[in-house]
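# Structural overview
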Amino acid sequence: MKHYFEQAETVLKSLESGKNGLNESQAMERLSKYGKNKLDEGKKKSLLVRFFEQMADPMVIVLIAAAVISGALGEVIDAVIILLVVILNSILGVIQEGKAEKAIEALQKMSSPYSKVRRNGHVIQIKSEEIVPGDIVLIEAGDAIPADMRLIEASSLKVEEASLTGESVPVEKTSEALSSDKGDDIPLGDRSNMVYMGTSAVYGRGEGVVTATGMSTEMGKIAGIISNSGNEKTPLQEKLASLSKVLSIAVLAVSVFIFAFSILRNGDYSGTSILDAFMLAVSLAVAAIPEGLVAVVTVVLSIGVTKMSERNAIIRRLTAVETLGCTQIICSDKTGTLTQNIMTVVDTYGNNELLAVSMALCNDAALSDEDGSIVGEPTESALVKFAVNSGKNKNELEKSMPRVAEAPFDSMRKLMSTVHKKDGEYIQYTKGAPDEILKKCTKIITEEGEVPLTDEHRDKILEANKKMADKALRVLGSALRHWSSMPEDTSFENLEKELTFIGLAGMIDPVRPEVKAAIEECRRAGIRPIMITGDHKDTAVAIAKELGIIKDESQAITGAEMSKIPDEEFEANIEKYSVYARVQPEHKVRIVNAWKKRGKITAMTGDGVNDAPALKSADIGVGMGITGTDVSKNVSDMVLADDNFATIVYAVEEGRRIYDNIRKSIQFLLSSNLSEVVALFLATIWNFKLFSPIHILWINLVTDTFPAISLGMEKAEKDIMDKPPRSSDEGIFANGLGAKVIYQGTIIAILTIISFLQGNSSSHVEGMTMAFLTLSMCEIFHSLNLRSSTKSIFALGTHNRFLVLAMALSFVLTMMVIYVPGLNTIFELTALSWTKLLTAIGISAIIIPIVEIEKLISRSISNKRS
C-alpha cells in the first residue's frame, strides 16, 4: 500500500485504527496475526550438526582412529570406552552450547527497547517488539523509530534516515499527503510523510500510525536476515586450537616412534607383540592428548559469561571476555552511566507556584494518571515531577488550560513556547536557556505583581543562575505572555518577545552512589577512567572532580577545542585530558584512535546511532541496554543492562578472573597430560607396562575434568584489581606457565613410577593399580595447588566448594574402579590392601609441599626484584 499518497484519515481507516489507537484485544489479535516487530534471527543448526562439529577437533579424530583400530584388533573394551568418552564429550559440548544460546535469548529480552504508543486513548510504554500495524506511536527528538509509519501529526519533526537512504542530513517531515503528479511511486528518501524502522528522530515531535512491522518493514526487506554469529572463537580458543593441531601431529609422530621402537627392541614380530606395541602407542597418544581441554575452556567461558549477565554485563562476543582483562582505558559517557539519568529539580528562583505551572504546561512529557509515572525527555520529566511535588498536576492543568499552539524547542534559539486557552483568554509560557529568556523579557513577576524588568532585577537573576551553574546544575528559565485573543501568527518570532520573567529551575542528574568507589578501583587496577559528555564543560568538570576523575580544570577539553587541534598534536597530548565536554560522535572516534595509537586497550561506551563508528573502533564497544539504540547495541561487544559505569569495572574484574582461571585449568590439564606422557615414556624405555589406554582415558576425562572445571569457578584473588592490566598479546605459556607445566608434570610422573615400583614388588597388577591410584590422587591434590599460581593454598582465605565436591567425586569414582568387583576386572586393576592404599595416597600428596616450596621461592625472588 502506498500510504504516502493517502490522507491521514484514509490511512487510519484502511488500518482499522483511529487517533485514540487500538484497544488491547485488537492489539493482541494483530500481534498473533503479524508476529513480533523484530527482524528474523536466522536458522539455527540442528542438534546432529552441532554434535558432529564437536567431533571435528584433530585430537578427537586421533582418538576415534585409535578406537577403530583397537576394535579391529580385538581390544573391544578399550575401543568402546574410547568411543563412549568421545560421544559423552560431544554431548556435553552440545548441551553447553544450547545453554549459552538460551542465555543469550533471555538477555536479548532483558534489553528490548521500548516505545510510547496510544491505546484506548491512553499513552503507555510497551516493548517495541509488541508494536502492531494500526498502533499510534508518539515520537520525540531522540527516539528510535520502531516500525514503518505514516505520520498523522508532525511538529517541526526531523528524522535521521542515513541507515536507509545514505542521506546524512536529517529530513524534515510532514503529515500531509504527497502528490502523485511525478509518477506512481516516490523514492524512499522523498517520502516526507513516512518514517521507517531503524531511523531516529533528531528534532521536534510527531505521531504516526504503524503501517508495517518486523520483516515487512523497509529495513526488513533490505536487511533480509540479520543475525550475529555466535560461533566466533576468542584469541585464547584460537591459540588452543593451534596447540591442539600441533599436539596431534606430535602425538602421531611420537606414537609411531614408540610403536616401532617397541617392536624393534623386542625383536618379536608376532601378532601378539605387534598388538602390545600398538596398544602402548595408543596409550601414549591418549596420554598426550588433553581431551577435555577445549571443552573445559568453553564451559569456563560460558559459566563466566552467564555470571556476568546476572550482574548486568551482557557479553555479545566472547572475545570481549579476554579483552576486558587487558583494558587500560575506559571512556565513559557521563549521563546515565556515571550519573543516575534521573534529572531532579533541586533549586529554584522566583515565584515557585507559577514556575511549577509554566514548567508543567510548556512541556511534552506525559504524566500517567494510573501510576504517576512520567514518560518523556529527562529534563522535561524532571520539570513535570517538580510540578507534581509542588501540587500542580500536569494533566489537570491541561484540562483547564488546553494547549492551542506551540513553537517547538529549537537548538539554535534554545527556547520552547506553548499557547494555552484559559477562561476565554490566552496565556503563553516560554522556557529555555536563562540568558535567551532574559533577552526576550521586558517585565518580571515580583511580590507586587508584574513590574518592569530593571538592570537590578537582571543582575539578581544572573547571579542566581551563576550560583546554580557553579553547582553543576542545569538551569532553565521560564516566562509568560498574556494574549487577549488567539495570536494569528504563532511563529516563534512573533511569540517570543515582550515576555514577563517568572523564575529559574536548577536541575542535576545525581552521581550514581557506587561509581566513586568504582573509579577508585580503576585507579588501583591501572585503568584510566575518561569522561565523555555532550554537557557543558563546567558541569562536566564539577561531576568529574566529585568522582575523582580529575583534580584540575586543565584536564578537561571541549569538542570545539579538540576540533582545532591537528591529529598529530592531539595524539601527542592525549595523556593530558580525562574529561571531554560538548563532544560530537566523531570526536569519540578521534579519542579512541589516539589511545589505540599509544598501544592502549580502550573501552568506549555509546548509546546513539552515531556512536557506532566509535564503538566499532574501540577494543571493547560498550552499548547501553536502557538508553541505547538497536544500532549501538548491535555493534557493541558488551551491553550494560543497567547503563552503569560500576558494571563496566565489575566486568573488567570478572574478565581478569575468568582468564586467570582458564590459565589455571590449562596448567592443570597440560601438567597432568605431560605427567602421563613422561611416565609412559620412562616405562617404555625400562620395558614394563605401566598403563592401558583405558586407565589414561579414565584419568583424563573423569579424574581430571571435574577439578579442571571447578578451577574455572575459583573466586577472584583478593589482589586481582591491584595489578596492572596484562598485555593483550600475552601467550598461553606466559609468566612461566610453560616451565611450571614441565616441572610439575615431571614430578608427578616420577611419583607415579615410585608408586608403581612399590606395588610391582608384589605383583605387576598391584604395581599398575598403585600407579593408577597415585597418578589420579596426585592430580586431585595438584588441583588444590593451582587455586593460586603464586600464593600458598594455606593463605588464600577463600573456599572453592565446587573444587572440594569435584575432588570428592573424582576420589569416589577412582575408588570404585579399584574396589568394585567386575569393574576392576574391566580396568585391569586389583583391590589394594590398606597399607598399599595409604602408601599410594601418601606418595601422591608429596606434590603439595613440592609446589608450596616452589611458590615460596618464586615469591621471595619477586619480592627482592620489587
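To keep things clear, this report deals only with the structure shown in the data block. (Residues numbered from 1 in each chain as written. Predicted model: local features only at pLDDT ≥ 70, side-chain atom pairs only at ≥ 80, totals over all residues. Heavy atoms only, no water.)

The next subject is the overall build of the chain. Along its length, the chain carries 33 helices and 25 strands. Within the chain, residue pairs in contact and separated by at least 24 positions form 72% of the contacts whose partners lie at least 6 positions apart. Looking at the chain as shown, the accessible area adds up to about 38,300 Å², and 57% of this sits on carbon and sulfur atoms. (Helix = DSSP H or I, 4+ residues; strand = E, 2+ residues; numbered from the N terminus. Contact = heavy atoms within 4.5 Å. Areas by Shrake-Rupley, 256 points an atom, 1.4 Å probe, with all protein chains shown as cover.)

Moving on to the environment of Asn395. By secondary structure assignment, the location of Asn395 is in helix α14 (residues 394–400). A sequence separation of 29 residues divides Asn395 from Ala366, and the C-alpha atoms of the two residues are 8.4 Å apart. Engagement of the side chain of Asn395 in a polar contact is seen with the backbone oxygen of Leu367, the distance being 2.8 Å. Side-chain polar atoms of Asn395 contact the side chain of Asp369, separated by 2.7 Å. (Polar contact = N/O pair within 3.5 Å; in protein donor to acceptor, adjacent residues only side chain to side chain.)

Moving on, we come to a negative patch on the surface. Together, Asp369, Glu370, Asp371 and Glu396 give the surface a local cluster of negative charge. Looking at where Asp371 falls in the secondary structure, it is placed in the loop between β11 (366–367) and β12 (374–375). Take Asp371: its relative accessible area is 58%, and that puts it in the exposed class. (Patch = residues over 30% accessible without salt bridge, like charges linked within 9 Å, V, L, I, M, F, W, Y side chains within 5 Å. Salt bridge = Lys/Arg side-chain N within 4 Å of Asp/Glu carboxyl O. Lys, Arg positive; Asp, Glu negative; His and termini not counted. Charge placed at Lys NZ, Arg CZ, Asp CG, Glu CD. Buried < 20%, exposed > 50% of the residue type's maximum accessible area, 1.4 Å probe, protein only.)

Now for the pairing of strand β9 (residues 329–333). For β9, a buried count of five out of five residues is recorded, marking the element as mostly surrounded by other parts of the structure. Along β9, one buried face is formed by Ile329, Cys331 and Asp333 and the opposite face, lined by Ile330 and Ser332, is buried too. One ladder, built from five bridges, connects β9 with strand β20 (residues 528–532); its direction is parallel. Residue pairing in the sheet places Ile330 in a bridge with Pro529 of β20. Sheet topology note: the β9/strand β23 (residues 602–606) ladder contains three bridges and is parallel. Residue Ile330 lies in a different strand from β23, and its bridge partner there is Ala603. (Pairing = 2+ DSSP bridges.)

What follows covers helix α26 (residues 693–703). Of all eleven residues that make up α26, eleven are buried, and the element is covered over most of its length. For α26, the complete set of buried residues consists of Pro693, Ile694, His695, Ile696, Leu697, Trp698, Ile699, Asn700, Leu701, Val702 and Thr703.

Both faces of the sheet carry side chains from a regular strand, because those side chains alternate between them. Summarising the sheet, strand β4 (residues 148–160) and strand β7 (residues 200–212) pair through ten bridges and their orientation is antiparallel. By the bridge assignment for β7, Asp148 is matched with Ala212. As defined by bridge partners, β4 adjoins strand β6 (residues 194–195) across two bridges and the pair is classed as antiparallel. From the neighbouring strand, Arg150 faces β6, where its bridge partner is Met194. Strand direction decides the pairing type here: β4 and strand β5 (residues 171–172), joined by two bridges, are antiparallel. Bridge pairing in β5 places Val159 opposite Val171.

Glancing now at the packing of aromatic side chains. Applying the stated criterion across every chain, the model contains six aromatic pairs. A centroid spacing of 4.5 Å and a plane angle of 10° characterise the contact between Phe688 and Phe756, whose relative ring orientation is stacked. Remark: Phe756 occurs in helix α28 (residues 737–760) and Phe688 occurs in the loop between α25 (645–685) and α26; sequence separation between them is 68 residues. Three or more aromatic residues joined by ring pairs form one cluster here, namely Phe570, Tyr577 and Tyr580. (Phe/Tyr/Trp six-rings, centres within 6.5 Å; stacked < 30°, edge-to-face > 60°.)

A surface patch of nonpolar side chains, about 410 Å² in accessible area, is lined by Phe257, Phe681, Ile685 and Trp686. Residue placement: Trp686 occurs in the loop between α25 and α26.

Let us now look at the sheet that holds strand β24 (residues 620–624). Taken in spatial order, the eight strands make up an open sheet running β8-β25-β24-β23-β9-β20-β22-β21, and their pairing is mixed. Of all strands in the sheet, those bounded by a partner on one side alone are β8 (313–315) and β21 (556–558). Each adjacent strand pair in this sheet contributes to an overall mean axis angle of 20°, direction not counted. Docked against the sheet, helix α22 (residues 585–597) engages β9, β20, β22 (579–581) and β23, running at close to 170° with respect to β23. (Axes fitted to C-alpha atoms, helices over the stretch in contact; angles between N-to-C directions.)

Looking now at the pattern of salt bridges. What the rule picks out here adds up to 35 salt bridges. One salt bridge connects Asp470 with Lys466, and the closest N-O pair in it is separated by 2.9 Å. Here Lys466 and Asp470 lie together in helix α16 (residues 455–470), a separation of four residues that amounts to about one turn. A residue is classified by how much of its surface remains accessible, and Lys466, at 52% relative accessible area, is exposed.

Position of Glu207 among the secondary structure elements: in strand β7. Once residues lying within four places of it in the same chain are set aside, the contact partners of Glu207 are Arg118, Ile136, Val137, Leu138, Arg150, Leu151, Ile152 and Glu153.

Moving on to unusual backbone geometry. Its identity is not glycine, yet Asn687 carries a phi of approximately 65°, on the positive side. By secondary structure assignment, the location of Asn687 is in the loop between α25 and α26. Even without glycine at this site, Glu828 takes up a positive phi of about 55°. With respect to the helices and strands, Glu828 occurs in the loop between α31 (823–826) and α32 (834–845).

Attention shifts here to a positive patch on the surface. Taken together, Lys307, Arg311, Lys715 and Arg801 make up a surface patch of like positive charges. As for its position among the elements, Arg801 is in helix α30 (residues 801–819). Given a relative accessible area of 57%, Arg801 falls into the exposed group.

A separate point is the packing of helix α18 (residues 515–524) against α25. Contact pair α18 / α25: the axes reach a minimum separation of 8 Å and the direction vectors enclose 35°. With respect to the hand of their crossing, α18 and α25 are arranged in left-handed fashion. Here Val515, Ala518, Ile519, Glu521 and Cys522 of α18 lie close against α25, whose contacting residues are Phe645, Ala646, Val649 and Glu653. Split into classes, the residues belonging to the contact of α18 with α25 amount to seven nonpolar, no polar and two charged. (Left-handed = near helix turned anticlockwise from the far one by under 90°. Nonpolar A, V, L, I, M, F, W, Y, C, P; charged D, E, K, R; others polar.)

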